[in-house]
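A structural walkthrough
The lines below spell out each chain.
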Amino acid sequence: DPRVDATVELCAMLIRAALKAGANKILPDDFVVGFANEARQKHPTNLDVAIAVADLYLATGLMDQANAVLDVTITLAPNEDYYHLFLGRAYLEAVSSAQSESEAQNNLESARDILLRAQKLNPLNTDHTANLARLYRRWAELTANDPAKRADLAETSDRYYATALTLSPNSS
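Read on for a plain summary of the structure. (Residues numbered from 1 in each chain as written. Predicted model: local features only at pLDDT ≥ 70, side-chain atom pairs only at ≥ 80, totals over all residues. Heavy atoms only, no water.)

So, the packing of aromatic side chains
Defined as follows: Stacked, tilted and edge-to-face are the three classes assigned to paired rings of Phe, Tyr and Trp, where Trp is represented by its six-membered ring and a pair needs centres within 6.5 Å; plane angles under 30 degrees give stacked, over 60 edge-to-face, the rest tilted. A run of H or I in DSSP becomes a helix once it reaches four residues, and a run of E becomes a strand once it reaches two; helices and strands are each numbered from the N terminus. Three labels apply to residues, based on accessible area from a 1.4 Å probe with only protein chains included: buried if under 20% of the type maximum, exposed if over 50%, partly exposed otherwise in between.
Taken as a whole and assessed by the stated rule, the structure comprises 4 aromatic pairs. Summarising the aromatic geometry, the rings of Tyr136 and Trp139 are spaced 5.9 Å apart at their centres and angled 15° between planes, so their arrangement reads as stacked. Taken together, the residues span about one helical turn, with Tyr136 and Trp139 both in helix α7 (residues 126–141) at a distance of 3 residues. Like Trp139, Tyr136 is buried.

Put into structure tokens, the structure is as follows:
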């Protein structure tokens with residue numbers, strides 16, 4: 001139905017517009033989040049709405065909600081590397097707000113597994129390789145108590161950065 005398609009597209013556009021407004025917000029976060037939740041309930045299988053809602057959740061610090069929405073996108077489109085990329089980055093961002101070392105470790109491991117899956121789905125996408133490099137760099141930064149492991153993680157990060165440069169030499 002073209003009207004449903006137009007409604008879905010409008011929902012996604014409004015959510016993205018609210019995100020882009022940033023500091024110049026016209027609408028308060030709770031209103032936009034409520035609208036996003038309603039759009040998600042009305043269109044639970046629409047990937048455009050899901051990604052827009054996940055972006056909104058990430059922008060407003062609602063990491064658990066973002067990860068739940070992104071998990072759904074992977075369930076709906078398991079072979080689409082783009083959705084794995086979003087979920088992997090969300091877990092990587094969640095490391096910064098982790099309440100404990102074990103939570104940070106779990107987020108790092110989840111991010112690694114998901115980003116490796118994204119890379120496996122599309123090995124020529126430089127974003128996957130660069131995000132793996134960032135992941136291992138962040139992991140090395142958080143591994144202060146074990147110098148050997150820290151060095152190994154940093155070396156892995158360097159290898160991924162080198163691979164990313166090989167894939168896209170003009171993006172350095």
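Quick word on helix α8 (residues 147–167)
For the record, the criterion: A helix is expected to reach a length of 1.5 Å times the quantity of its residues less one. Along the arc lie the directions from the helix axis toward the C-beta atoms. Two residues qualify as a contact provided that any one of their heavy atoms is within 4.5 Å of a heavy atom in the partner residue.
Over its 21 residues, α8 runs 30 Å from end to end, which matches the ideal 30 Å to within 8%, given 1.5 Å per residue. Within the span of α8, buried status applies to Leu153, Thr156, Ser157, Tyr160 and Ala164. For α8, the arc enclosing every buried residue in end-on projection is 100°, short of the 170-degree limit, so these residues lie on one face. Pointing more than 90 degrees away from the buried face of α8 are the exposed residues Pro147, Ala148, Asp158 and Thr166. Those residues of α8 that are buried lie in contact with α6 (101–121) and α7.

Considerations on the packing of α7 against α8
Condition: A fitted line through C-alpha atoms serves as each axis, taken over the contacting stretch for helices, and the angle formed by two N-to-C directions is quoted from 0 to 180°. Reported orientations rely on four angle classes, namely roughly parallel under 35 degrees, roughly antiparallel over 145, roughly perpendicular from 65 to 115, and oblique for the rest. A crossing counts as left-handed when the near helix is turned anticlockwise from the far one by less than a right angle, and as right-handed when that turn is clockwise. Under the scheme applied here, ten amino acids are nonpolar (Ala, Val, Leu, Ile, Met, Phe, Trp, Tyr, Cys and Pro), four are charged (Asp, Glu, Lys and Arg), and all others, including Gly, are polar.
Contact pair α7 / α8: the axes reach a minimum separation of 8 Å and the direction vectors enclose 160°. Considering their axes alone, α7 and α8 lie roughly antiparallel with respect to each other. Between α7 and α8 lies a crossing of left-handed hand. Where α7 abuts α8, its residues Thr126, Thr129, Ala130, Leu132, Ala133, Arg134, Tyr136, Arg137, Trp139, Ala140 and Glu141 lie against Arg150, Leu153, Ala154, Thr156, Ser157, Tyr160, Tyr161, Thr163, Ala164 and Leu167. A breakdown of the residues in the contact of α7 with α8 according to their chemical character gives 12 nonpolar, 5 polar and 4 charged.

What about the packing of helix α3 (residues 47–59) against helix α4 (residues 63–76)?
Orientation of α3 relative to α4, taken along the N-to-C sense of each, is 160°, at an axis distance of 8 Å. On the basis of the axis angle, α3 is roughly antiparallel to α4. Note that α3 runs across α4; the crossing there is left-handed. Contacts between α3 and α4 involve Leu47, Ala50, Ile51, Val53, Ala54, Tyr57 and Leu58 from the former and Met63, Gln65, Ala66, Val69, Leu70, Thr73 and Leu76 from the latter.

Here's the deal with the nonpolar core
A general feature of soluble globular proteins is that nonpolar side chains tend to end up buried together. Note the threshold: Nine residue types can take part in a nonpolar core, namely buried Ala, Val, Leu, Ile, Met, Phe, Trp, Tyr and Cys, and a core is a set of them joined through side-chain atoms within 4.5 Å.
The biggest cluster of nonpolar side chains holds 39 residues, and the ones touching the most others in it are Leu70, Leu135 and Tyr136. In this structure, Leu70 is in contact with Ile51, Ala54, Phe86, Leu87 and Ala90, ignoring residues within four places of it in sequence.

A closer look at the pattern of salt bridges
Let me state the cut-off plainly: A carboxyl oxygen of Asp or Glu within 4 Å of a side-chain nitrogen of Lys or Arg is what we treat as a salt bridge.
This model, assessed by the stated rule, comprises 4 salt bridges. A salt bridge links Glu141 to Arg137; its shortest N-O distance comes to 3.8 Å. Here Glu141 and its partner Arg137 are both found in helix α7, 4 residues apart, which amounts to about one turn of the helix. Assessed through its relative accessible area of 41%, Glu141 is described here as partly exposed. On the accessibility criterion, Arg137 (39% relative accessible area) is partly exposed. Between Glu141 and Arg138 there is a salt bridge; the shortest N-O distance is 3.5 Å. Placement of both Glu141 and Arg138 in helix α7 is noted, with a separation of 3 residues, approximately one turn of the helix. A network of salt bridges, in which partner residues are shared, links Arg137, Arg138 and Glu141.

Observations regarding the environment of Asp113
With respect to the helices and strands, the residue Asp113 is situated in helix α6. For Asp113, a relative accessible area of 44% puts it in the partly exposed group. Separated by 19 residues in sequence, Asp113 and Leu132 have C-alpha atoms that sit 9.8 Å apart.

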